[in-house]
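Chain and residue survey
Chain by chain, the residues:
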Amino acid sequence: MKTFVIADPHFGHKNIIRYCNRPFESVAEMDKALIDNWNKTVSNDDIIWVLGDFSLASRDYTKSIIKSLRGRKRLILGNHDRYSQEWYREAGFEFVSPYPILIENFIILSHAPLEFLNENCPFFNIYGHVHNDPRYLDLTKSGVCVSIERTEYKPIELEELKNKWRLQYER
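Description of the structure in this document. Every value quoted in this text rests on a predicted model; they were computed, and no experiment measured them. (Residues numbered from 1 in each chain as written. Predicted model: local features only at pLDDT ≥ 70, side-chain atom pairs only at ≥ 80, totals over all residues. Heavy atoms only, no water.)

Concerning the pattern of salt bridges
Side chains that carry opposite charge are capable of pairing whenever their charged atoms lie near each other. In total, this model carries ten salt bridges according to the counting rule given. Here Lys-154 ties to Glu-152 by a salt bridge, and the two come within 3.6 Å at their closest N and O atoms. One salt-bridge network, held together by shared partners, links Arg-72, Arg-74 and Glu-94. (Salt bridge = Lys/Arg side-chain N within 4 Å of Asp/Glu carboxyl O.)

Description of the environment of Tyr-169
Counting through the fold element by element, Tyr-169 comes out in helix H5 (residues 158–169). A residue is classified by how much of its surface remains accessible, and Tyr-169, at 24% relative accessible area, is partly exposed. In sequence terms Tyr-169 and Thr-140 are 29 residues apart; their C-alpha atoms lie 8.5 Å from each other. Non-local contacts of Tyr-169, meaning those with residues more than four positions away in its chain, are made with Leu-139, Thr-140 and Lys-141. (Helix = DSSP H or I, 4+ residues; strand = E, 2+ residues; numbered from the N terminus. Buried < 20%, exposed > 50% of the residue type's maximum accessible area, 1.4 Å probe, protein only. Contact = heavy atoms within 4.5 Å.)

Details of the pairing of strand E3 (residues 72–76)
Across the five residues of E3, four count as buried, placing the element largely inside the fold. Of the pairings in the sheet, the one linking strand E2 (residues 47–50) to E3 comprises four bridges and is parallel in character. Across the sheet, residue Ile-47 finds its bridge partner in E3, namely Arg-72. In terms of handedness, the path from E2 via helix H3 (residues 59–68) over to E3 forms a crossover that is right-handed. In terms of strand pairing, E3 meets strand E4 (residues 95–97) through three bridges, oriented parallel. By the bridge assignment for E4, Arg-74 is matched with Phe-95. Regarding the hand of the β-α-β motif, the stretch spanning E3, helix H4 (residues 85–91) and E4 is right-handed. (Pairing = 2+ DSSP bridges. Right-handed = clockwise from strand over helix to strand, strands pointing away.)

By themselves these figures say nothing about function.
Pasting the structure below:
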């Protein structure tokens, strides 16, 4: 069993293609590519943390997407996740939180970057929300952005992120 993270898929959101310069001609093409990438990467036994902004589509379409994705899905609500926690659980997420979550005693998973964390902080923030905004680096000593524009439109394994951090910052 592996653990993966992903943020900001924005399933069903036509305008995100233009806003974030995504390489897709249509929502249908984008959603199919995101589902295919997810299911090629994640097995049914893996845990996958979605760090917000899962879908901007109807309830029925969103539910069909959730059902089509592999893995044990966990959601930290983002600013565009408009349904209730209960609805997301009933639709197929095994865990839903409106707040950041601490895992492995030092990793904070959140939708938006936690700006109060600095390089002297003992925590590591994995977040989304900023998409491909150049004001935010992919990886810093205190965090990493996993908006899908930065992860080749697929989930990224937690161990891979931790290894990248160790290579760059542990000396």
